[in-house]
Amino acid sequence: MSTPPDWLDIFGHDEPYEDQADGIETAIETARSDGFVAIEGACGTGKTMLALTAGIELVRDPESSFERVFVLTSVKQQLRQFEADLRTINENLPAAYRPVSALTLVGKADLCPYNLEGAGGIDGSNVYERCERLRERTRGLVDGETTAASLVSRAESQQIGLADSGGGATYLEAAGEPTPFAPEMPNAAEGDTEYCPFYAGFLEDLPEDGDPLEAVPFDPTDRGVIDAGDLVELAAGHGSCPHSVMGALLPHVEVLVGNYYHAFDPTTVESFTGGLIDDETFVVCDEAHMLEPRVRGLVGDGVSDRALEDAESELSRVIEPLAAVEEAGADARRGGEAEETAVAIRSELEKTDVTLGELRDTRRFVSALGDRLGSRVEAYLEESTPGWRGRLADLDDEEIPLRDPETPATDELTRWANERGFDARLWRRAESVCAVAARVLDAVEDDEKRRAAPAVGRTLALWRRADHTDFFREIELERTWDDARPAEAWQRAYTARYSLHNCLPADVIGERLDAFGGGVLMSATLEPLDVFAEVTGLRHLAEEADRPVVERTYGLEFPPQNRASFAVSAPKFTYENRGDPGASESRATEARTPARTAHARAIRQVAAAPGNVLVCMPSYREAEWAAGVLEAADKPVLRDEAADDVATERLKQEFFDGEPKVLVTSLRGTLTEGVDYRGDRLAAAIVCGVPIINTASPRTRAVRTAYDRAFGDGFESALAVPAVRKARQAVGRVIRGPEECGVRVLCDERYATESWDSVRHLLGEAEREEFRPVGAEMLEYALEQFWER
């Protein structure tokens, strides 16, 4: 008999699947050589347990250099799955093993006791700004003549005073537990500075020169998984700040579970997680098919017309008090509030290398950028939409490219600035100047607004620094509505934004991955793996940095007789073929084109399945049409719309509860990925068309051009592959366990046949075998045969 592997003690179940065991062994072996494993594993592979077992085994191996596992996922449900699997591991560890320590990383809004209870003047709209100001005030008091202990004592005494006066003490509750403090924010003295008693409590426990871990009011080594609720209960119940406690715990737990922005957002990495990104960390990128688009969004930037207005105002509030005192002259300087403000501003500026002249130059530049944005938007609307002032309610989102998307060149805004004397130094210094202006205002103004100037300054510096090949610059017009704006002003209908897009984030992703000691990147939809390795920088790591990159693909291990998978050879569901759905959503609309006729028929046939059915369309407008062709269905039809998370969650629960239904949604929504349709929640899913994004968009053309240049076939790697992954994610919702039974349908001839624009080769070998091509006229018979069997 062979010796059981060491990692089997950590594995949370009795026996691993064969593919799961191979994945664990491969991940451990590859990481020992500083490498990465890219895994496509179908539902049921056990990818979460696979990655955790490999990572924890490496962390606990005394001969390994790994100190922690850092899990990154873009889906909240998957975060919960990692927490659940960690608990399973701890529940099944041998008695001699200590629990695996793990911490879930969340934002201040999920940890602030005041925000969670809607107390202290803090709510979801202001939690970040108010928290930062309260922390600064608390630190300022402690750095002065007040101790943290006295601030805590003062906050606690408010309750004692209430009790002594017969009014009864009311304690703020958090996570269902009472805290030592009142729901109202305390003041350092009567009518004086507000401060945060929880942060003061953390500072009281924080040793001057010791380990911040000493400020954690509990022992993390035997607590296992610490999620957001645990942090709030354990820290706030003690009277300490949960977010600060989370920061103190970061270097001391074995597993961290967070979001992509914890590793790829420049601001978050710089201020919070940078110390975790090193060669002692084993990284797990879950839902890795989303890595490229999510990072592209994180490393781009932009500044809106409103932000430019606010930044100009903030710069003015620093400049004008100084200018007013200067103009008044020495004889007029006899004190007063204006003089005191000017003195305070001057005192803050003297601590920096920013001059009054730079502040004035930057304000002039920001003002000019705002004016230029307004005139450029008006000129565009005059050309594209004559009479737009009387049609504001009819305007759609728009893009105004600042260069030819298919020809890298200096953008028109940069050229305009150069022509007007706004040189490179002014662009670059804007970041420092705007940051200083915000710090000055924080010191002299008693408010809790988030300053616009720092973000504006960072964007301007990056705009100048970024190249004109991989980055694309444009003006985005986002459809909003502001009744406070003049009736015929474009600002009433739009928010305009100078936008800087990183078309090719492979270098950023690759550089960040290279900082880790090794890891696993995994998803149910990574194929084609060669394309994935290119667009995420893994190929570059393998070839240039000599980091091993190993690929694995694991198919469905559930009984094949429990599922039927069809690639229907229906006419391509492209806009050119299907035509506009029109205003009417009745069944008569399907007859307008052969494509609509075929897809409408397929939708109704799949919807007849005995159970819940998911219908996935390329857009919300097409989802509306699909709901219309199902108006005579034998079961209720629910239609998803672009709505907030609360409305979407309510719709999802309605779909799950009660009798079988049909849910019609867009592949651009949130119901086709990361949602658990386990058990009998879903019997069938159909995807109509290949959900390729708008290829006429300037930004899309720029991305495609960048991918053409880098990888050879930009259409496939930048557009077709992500679209097919979305379709695969959607139909992958159907079969989630060995006892489940269902139908998966990809309806479009591009999935079924080999042709010049076929995407069948992008499905992966196992799916090409499973998704049998079937003619549109034979789908109903094939479905009947499966359900009868």
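What you see is a predicted model; the values in this text were computed from it and never measured.

## Thoughts on the overall build of the protein
Along its length, the protein carries 30 helices and 21 strands. A compact globule built from 789 residues would reach a C-alpha radius of gyration of about 28 Å, and the protein, at 29 Å, matches this within 12%. Structurally, the protein occupies a C-alpha span of about 95 × 75 × 60 Å along its principal axes. Among the 789 residues that make up the protein, the fraction classed as buried is 54%. Sequence separation of at least 24 residues holds for 76% of the intrachain contacts in the protein that already meet a minimum separation of 6. Approximately 34000 Å² of the protein is accessible, and the part contributed by carbon and sulfur atoms is 45%. Taking the average location of the 85 positive side-chain charges in the protein and that of its 148 negative ones, the two points are 6 Å from each other.

## Here's the deal with the sheet that holds strand β9 (residues 301-304)
Pairing within the open sheet is antiparallel, and its four strands lie in the order β9-β12-β11-β10. In the strand order of this sheet, the two ends are held by β9 and β10 (398-401), each with one partner. Going from strand to strand, the sheet's axes swing by 25° on average, the running direction of each strand aside. Where β9 lies against strand β12 (residues 494-502), four bridges are found, and the strand directions are antiparallel. Following the sheet pairing, V303 is matched in β12 by Y498.

## Quick notes on the pattern of salt bridges
Two side chains that carry opposite charge are able to pair once their charged atoms sit near each other. As enumerated under the stated definition, the model contains 52 salt bridges in all. The shortest N-O distance in the salt bridge between K351 and E348 comes to 3.3 Å. Three or more residues are tied together by salt bridges with common partners; here these are R133, E136, R317, D442, E445 and R451.

## Brief notes about the packing of aromatic side chains
What characterises a pair of aromatic rings is the spacing of the ring centres plus the angle enclosed by the ring planes. Per the stated rule, a full pass over the model turns up 15 aromatic pairs. With a centroid separation of 5.5 Å and 75° between ring planes, the pair formed by Y114 and F198 is classed as edge-to-face. Residue Y114 is located in helix α4 (residues 113-117), and its partner F198 is located in helix α7 (residues 197-205); the two are separated by 84 residues in the primary sequence. This pair shows no difference in class: Y114 is buried, exactly as F198 is.

## Considering helix α27 (residues 714-731)
Here α27 contains 18 residues, and its C-alpha end-to-end distance of 26 Å stays within 8% of the 26 Å for a straight helix at 1.5 Å per residue. At A720, α27 shows its strongest bend, of approximately 35°, with the proline P722 following within four residues. Counting buried positions over the 18 residues of α27 gives 15, a clear majority of the element. Near the N-terminus of α27, the side chain that reaches the backbone nitrogen of F715, with its oxygen 3.3 Å away, is that of D713.

## Examining empty space enclosed by the protein
Evaluated as defined, the whole model comprises one cavity of 30 Å³ or more. Around the largest cavity, the lining is made up of 16 residues, and of these C112, P113, C131, C196 and C241 lie nearest the centre. Residue assignment for the lining of the largest cavity shows that the elements contributing at least two residues are α4, α5 (127-143), α7 and α9 (242-249).

## Description of helix α12 (residues 291-299)
Turning to α12, its buried residues are L291, E292, V295 and V299. Angular distribution of buried residues about the axis of α12 spans 90°; they occupy a single face of the element.

## Some remarks on the side chain of H501
Its location among the elements puts H501 in strand β12. When neighbours within four sequence positions are excluded, H501 is seen to be in contact with D470, F471, F472, E474, E476 and R699.

## A few points about the side chain of Q20
Within the secondary structure, Q20 sits in helix α1 (residues 18-32). Contact partners of Q20, with chain neighbours within four places excluded, come to F11, T45, G46, M49 and L50.

## Brief notes about the sheet that holds strand β17 (residues 637-639)
Strand order in this open sheet of seven strands is β17-β18-β16-β19-β20-β15-β21, and the pairing throughout is parallel. The open sheet has two edge strands, β17 and β21 (772-775), and neither has a second partner. On average, adjacent strands in this sheet sit at an angle of 20° to one another, irrespective of strand direction. Inspection of the sheet shows strand β15 (residues 563-569) paired to β21 by four bridges, in the parallel sense. Note that in β21 the partner of F566 across the bridge is R772. Along the sheet face, helix α25 (residues 645-656) touches β16 (613-617), β17 and β18 (662-666) and points at about 165° away from the line of β17. Against the sheet, helix α30 (residues 779-788) contacts β15, β20 (742-747) and β21, and its axis sits at roughly 180° relative to β15.

## Some thoughts on the pairing of strand β13 (residues 518-523)
For β13, the tally of buried residues reaches six of six residues, placing the bulk of the element in the interior. Here β13 shows two buried faces, one formed by G518, V520 and M522 and the other by G519, L521 and S523. Across five bridges, strand β1 (residues 36-41) lies against β13 in parallel orientation. Of the residues in β13, the one forming a bridge with A38 is L521.

## With respect to the nonpolar core
With 71 residues, the main nonpolar core has L103, L231, L513, L521 and L538 as its most contacted residues. Examining the composition of this core, we find that six residues originate from one element, helix α8 (residues 228-236), more than from any other. Not counting residues within four places of it along the chain, the set of residues in contact with L513 comprises F36, V283, C285, L521, T536, L538, L541 and R547.

## What about the environment of L762?
Along the chain, the position of L762 falls in the loop between α28 (749-752) and α29 (765-770). As a C-alpha pair, L762 and A720 span 42 residues in sequence and 8.3 Å in three-dimensional space. Residues within four places of L762 in sequence aside, it is in contact with E527, P528, E716, A720, V721, V724 and R728.

## Re a negative patch on the surface
Residues D34, E67, D279 and E280 make up a contiguous surface patch of negative charge. Positionally, D279 belongs in the loop between α11 (266-273) and β8 (281-285).

## Some remarks on the packing of helix α26 (residues 698-711) against α27
Relative to each other, α26 and α27 sit at 130°, their axes nearing to 7 Å. Taken together, the axes of α26 and α27 lie oblique to each other. Handedness of the α26/α27 crossing: right-handed. Contacts between α26 and α27 involve T700, V703, R704, Y707, D708 and F711 on the former and, on the latter, G714, F715, S717, A718 and L719. Among the residues making up the contact of α26 with α27, the classes are represented as six nonpolar, three polar and two charged.

## Concerning the confidence of the model for the protein
Residue-level pLDDT values for the protein average 92, and 96% of them are 70 or greater. Per-residue pLDDT stays below 50 along residues 583-589; that stretch engages in 16 contacts with residues further than four places along the chain or on separate chains.

Calculation rules
Residues numbered from 1 in each chain as written. Predicted model: local features only at pLDDT ≥ 70, side-chain atom pairs only at ≥ 80, totals over all residues. Heavy atoms only, no water. Helix = DSSP H or I, 4+ residues; strand = E, 2+ residues; numbered from the N terminus. Rg over C-alpha atoms; globule rule 2.2 N^0.38 Å. Buried < 20%, exposed > 50% of the residue type's maximum accessible area, 1.4 Å probe, protein only. Contact = heavy atoms within 4.5 Å. Areas by Shrake-Rupley, 256 points an atom, 1.4 Å probe, with all protein chains shown as cover. Lys, Arg positive; Asp, Glu negative; His and termini not counted. Charge placed at Lys NZ, Arg CZ, Asp CG, Glu CD. Pairing = 2+ DSSP bridges. Axes fitted to C-alpha atoms, helices over the stretch in contact; angles between N-to-C directions. Salt bridge = Lys/Arg side-chain N within 4 Å of Asp/Glu carboxyl O. Phe/Tyr/Trp six-rings, centres within 6.5 Å; stacked < 30°, edge-to-face > 60°. Expected span 1.5 Å × (residues − 1). Bend = angle between axes of the 7 residues up to and from the residue. Polar contact = N/O pair within 3.5 Å; in protein donor to acceptor, adjacent residues only side chain to side chain. 1 Å grid on protein atoms, 1.4 Å probe; cavity = no way out; pocket = protein on both sides within 12 Å on 5 of 7 lines; lining within 4 Å. Points joined across faces, edges and corners; volume = space filled by probe spheres on them. Arc of directions from axis to C-beta. Core = buried A, V, L, I, M, F, W, Y, C linked by side-chain atoms within 4.5 Å. Patch = residues over 30% accessible without salt bridge, like charges linked within 9 Å, V, L, I, M, F, W, Y side chains within 5 Å. Parallel < 35°, antiparallel > 145°, perpendicular 65-115°, else oblique. Left-handed = near helix turned anticlockwise from the far one by under 90°. Nonpolar A, V, L, I, M, F, W, Y, C, P; charged D, E, K, R; others polar. pLDDT = per-residue confidence, 0-100.

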